[in-house]
Amino acid sequence: MKEHIDKCLNMIDGICHLNEKKKLKEIGAFINTAFSITPNIYSPANLKYLFTYPDPIGIVADFLSNYINSNVLTEECSPVFTHCEAEIIKTLLSLVGYPEGDGVFYPGGSLSNLASVVLAVRKENIDLGKSAVIIPEHAHYSIEKSVKICGIRNILKVKTTAKGVVNLDHLKKMTQKVKDDNLNLVYYCCVLGTTNFGTFDPVEDIIEIFKKFYVTPWVHFDAAWGGSVYFSHDRSFYQKISCFSDSITLDFHKFLSAPLLCSALLVKNKSFLWEKEWSDQASYLYNSYQDEKYSLSLKSLQCSREAYAFKLWLMFKYHGFDYFQGLIQKYHHNRKAFKKQLNKNILYVVEPQYFNLCMWFIPKEMEVKESIKAYTREQLEKINRFNIAMYERIVEDGFMKITCSSFNNVAFIRIIVHHANLTENIISEIVAYLYKVHESISAKIDDQHLN
Ligand SMILES: *Cc1c(COP(=O)(O)O)cnc(C)c1O
């Protein structure tokens, strides 16, 4: 790979000395090579990433707003796109069930998460030394990073259950510990759609624990990946539990296939988002000539901003809400189709409920038990090696792309079914291929045994 990258980069070296025609030819060749070695997200056999090929209307919006280089800072800089953002934020607030809320777009879920921690810390002008944060092990790493950036050093980790959600007993223990240590629990993140498993934390049970212990952290819902629940038929449950949260992160470049990057941070109480104290320091931007309502940067950690929201706004206008509902239904259908066919020599790491299928392939001669805990340490080592061997073979073949991750130190295979071009036929082909690899690795391991 390194070779290919170097070769690609070298193609463009020194082209400034060429004439216009040759320059363009070299750039064309460079682009061709660069595209050929970049993972092809348009292929329905690429089931590795949480993002997929972008919505074409989103690409048009992205291109146009970049062409005029519109800076979505204030109404003066960006008279239309600021209004598009305000409008789509309104739509999103009603979708998630934040009637008194507000929100702002961010370049990515990690930054939205950081902004949520910043809000939690600023809300009460907390004493950092006396503050603590409990973080579930399955939370995205941006949460711990954000908490550390904000200067909170008392970080307690809470364990993940075998079902891939927060361990409530352990959460109780950690909450008790925070109280025993005379600390103030300032922030807690519930994950709606974990990156690895696509599992959803039991929000109501978590809130129940906080009530019992008389702690009132800023509760953040990280729905960067799982946010499609607000776009599905059964969104009412998620709209109802929004009242337990203070903020929500949504990554539209993931579950709705907006072009990178397109994320939002929504807050339940609009007064927490606006930070007008900075406006005097930048009166060249924020002044009485502006309608302050559209000085969107006052809600953000950023100053200059791209038209992130315009991509989603145009996608909504063009497709209509039902289109997204249909897409999400299709992804759920893909998951069910995979699950139905991927049913032998497999132990699911967690029961698939979202767009992630996480599985341990079990070697052919080994029994598929009801749980991973039922295997001996020696067998687990074998399962671990087996899945790594399968993964390496899949990478070598290049027929499809998937992820190799691990849970409790046993490697597993992850497939993300969130791809609008997947059909039942392609799913069958992929499953047949996976079982072929399974067969061949089983045989290879048997051979090794004989030797
Ligand atoms: C992907 C992801 C993030 C980070 O979002 P980026 O847009 O990649 O910065 C945060 N939380 C969860 C649960 C995610 O899956």
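Residues numbered from 1 in each chain as written. Predicted model: local features only at pLDDT ≥ 70, side-chain atom pairs only at ≥ 80, totals over all residues. Heavy atoms only, no water.

Draft legend 1. Molecular detail of the packing of helix 1 (residues 2-10) against helix 2 (residues 20-37). With their axes 9 Å apart at the nearest point, helix 1 and helix 2 run at an angle of 160° to one another. By the angle class used here, helix 1 and helix 2 are roughly antiparallel. Seen from above, helix 1 lies across helix 2 with left-handed handedness. Contacts from His 4, Ile 5, Cys 8 and Leu 9 in helix 1 reach Phe 30, Thr 33, Ala 34 and Ile 37 in helix 2. (Axes fitted to C-alpha atoms, helices over the stretch in contact; angles between N-to-C directions. Helix = DSSP H or I, 4+ residues; strand = E, 2+ residues; numbered from the N terminus. Parallel < 35°, antiparallel > 145°, perpendicular 65-115°, else oblique. Left-handed = near helix turned anticlockwise from the far one by under 90°. Contact = heavy atoms within 4.5 Å.)

Draft legend 2. Looking closely at the environment of Asp 181. Considering the arrangement of structural elements, one finds Asp 181 in the loop between helix 7 (168-180) and strand 4 (184-191). Relative accessible area serves as the criterion here: at 39%, Asp 181 is assigned to the partly exposed category. In sequence terms Asp 181 and Ala 132 are 49 residues apart; their C-alpha atoms lie 9.6 Å from each other. (Buried < 20%, exposed > 50% of the residue type's maximum accessible area, 1.4 Å probe, protein only.)

Draft legend 3. Spatial organisation of the sheet that holds strand 5 (residues 218-223). Read across the sheet, seven strands follow the order 1-7-6-5-4-2-3 without closing on themselves; strand pairing throughout is mixed. The sheet terminates laterally at strand 1 (102-106) and strand 3 (154-158), the two strands that pair on one side only. Shown here is a sheet whose adjacent strand axes are inclined to one another by a mean of 20°, direction ignored. Pairing between strand 2 (residues 131-136) and strand 3: five bridges, direction parallel. Each bridged residue has a counterpart across the sheet, and for Pro 136 the counterpart in strand 3 is Val 158. Lying over the sheet, helix 4 (residues 81-96) contacts strand 1, strand 6 (247-251) and strand 7 (263-267), oriented at roughly 115° with respect to strand 1. (Pairing = 2+ DSSP bridges.)

Draft legend 4. Expanded view of helix 6 (residues 141-149). Residues Ser 142, Ile 143, Ser 146 and Val 147 constitute the buried set of helix 6. Buried positions in helix 6, seen along its axis, are confined to an arc of 135° and lie on one side of it. The outward face of helix 6, more than 90 degrees from its buried face, is lined by the exposed residues Tyr 141, Lys 148 and Ile 149. Tucked inside the fold, the buried residues of helix 6 contact helix 5 (109-123), strand 2, strand 3, strand 4 and strand 5. (Arc of directions from axis to C-beta.)

Draft legend 5. A look at the layout of surface pockets. Of the pockets and cavities examined, the largest pocket occupies roughly 460 Å³. Lining the largest pocket are 21 residues; nearest its centre among them are Ala 162, Lys 163, Val 349, Val 350 and Phe 407. Here the lining of the largest pocket is composed, by residue class, of 10 nonpolar, six polar and five charged. There are two domains that each give the lining of the largest pocket at least three residues, and those are domain 1 (70-319) and domain 2 (322-450). Volume-wise, the second largest pocket comes out at about 350 Å³. Around the second largest pocket, the lining comprises 14 residues; the ones closest to its centre are Ala 86, Ile 89, Lys 90, Asp 102 and Lys 293. Partitioning the lining of the second largest pocket into residue classes produces seven nonpolar, one polar and six charged. (1 Å grid on protein atoms, 1.4 Å probe; cavity = no way out; pocket = protein on both sides within 12 Å on 5 of 7 lines; lining within 4 Å. Points joined across faces, edges and corners; volume = space filled by probe spheres on them. Nonpolar A, V, L, I, M, F, W, Y, C, P; charged D, E, K, R; others polar. Domains from an automatic or database assignment.)

Draft legend 6. Quick look at the pattern of salt bridges. If you walk through the whole model with that rule in mind, you get 12 salt bridges. Lys 148 is the partner of Glu 144 in a salt bridge, and the nearest nitrogen-oxygen pair spans 2.9 Å. With a gap of four residues between them, Glu 144 and Lys 148 both fall in helix 6, about one helical turn apart. For Glu 144, a relative accessible area of 21% corresponds to the partly exposed category. (Salt bridge = Lys/Arg side-chain N within 4 Å of Asp/Glu carboxyl O.)

Draft legend 7. Spatial organisation of the packing of aromatic side chains. Overall, the coordinates contain 29 aromatic pairs when judged by the stated rule. Pairing Trp 225 with Phe 355 gives two aromatic rings, centres 5.8 Å apart and planes at 80°, and the pair type is edge-to-face. Of this pair, Trp 225 sits in the loop between strand 5 and helix 9 (236-241) while Phe 355 sits in the loop between strand 8 (346-348) and strand 9 (356-361), and the two are 130 residues apart along the sequence. Phe 355 carries the same exposure label as Trp 225, and that label is buried. Ring centres of Phe 231 and Phe 316 lie 6.2 Å apart, and the angle between their planes is 65°; this geometry places the pair in the edge-to-face category. (Phe/Tyr/Trp six-rings, centres within 6.5 Å; stacked < 30°, edge-to-face > 60°.)

Draft legend 8. Highlighting empty space enclosed by the protein. Within this structure, the stated rule accounts for two cavities of 30 Å³ or more. Estimates place the volume of the largest cavity at around 50 Å³. Residue lining of the largest cavity: Ile 41, Asn 46, Leu 47, Lys 48, Tyr 49, Phe 51, Thr 52, Ile 416, His 418 and His 419, and that is the complete set. For the second largest cavity, the calculated volume is near 40 Å³.

Draft legend 9. Main features of the nonpolar core. Phe 105, Tyr 230, Phe 231, Phe 252, Phe 338 and Leu 342 are the most contacted members of the largest nonpolar core, which totals 96 residues. If you tally residues by element for this core, the top one is helix 14 (residues 424-450), at nine residues. Split by domain, the residues of this core number at least three in each of domain 1 (70-319) and domain 2 (322-450). With residues up to four places along the chain from it excluded, the contact list for Leu 342 reads Tyr 348, Met 359, Phe 361, Ile 415, Val 431, Leu 434 and Tyr 435. Residues Ala 115, Val 118, Ala 120 and Ile 143 belong to the second largest nonpolar core, which totals 25 residues. (Core = buried A, V, L, I, M, F, W, Y, C linked by side-chain atoms within 4.5 Å.)

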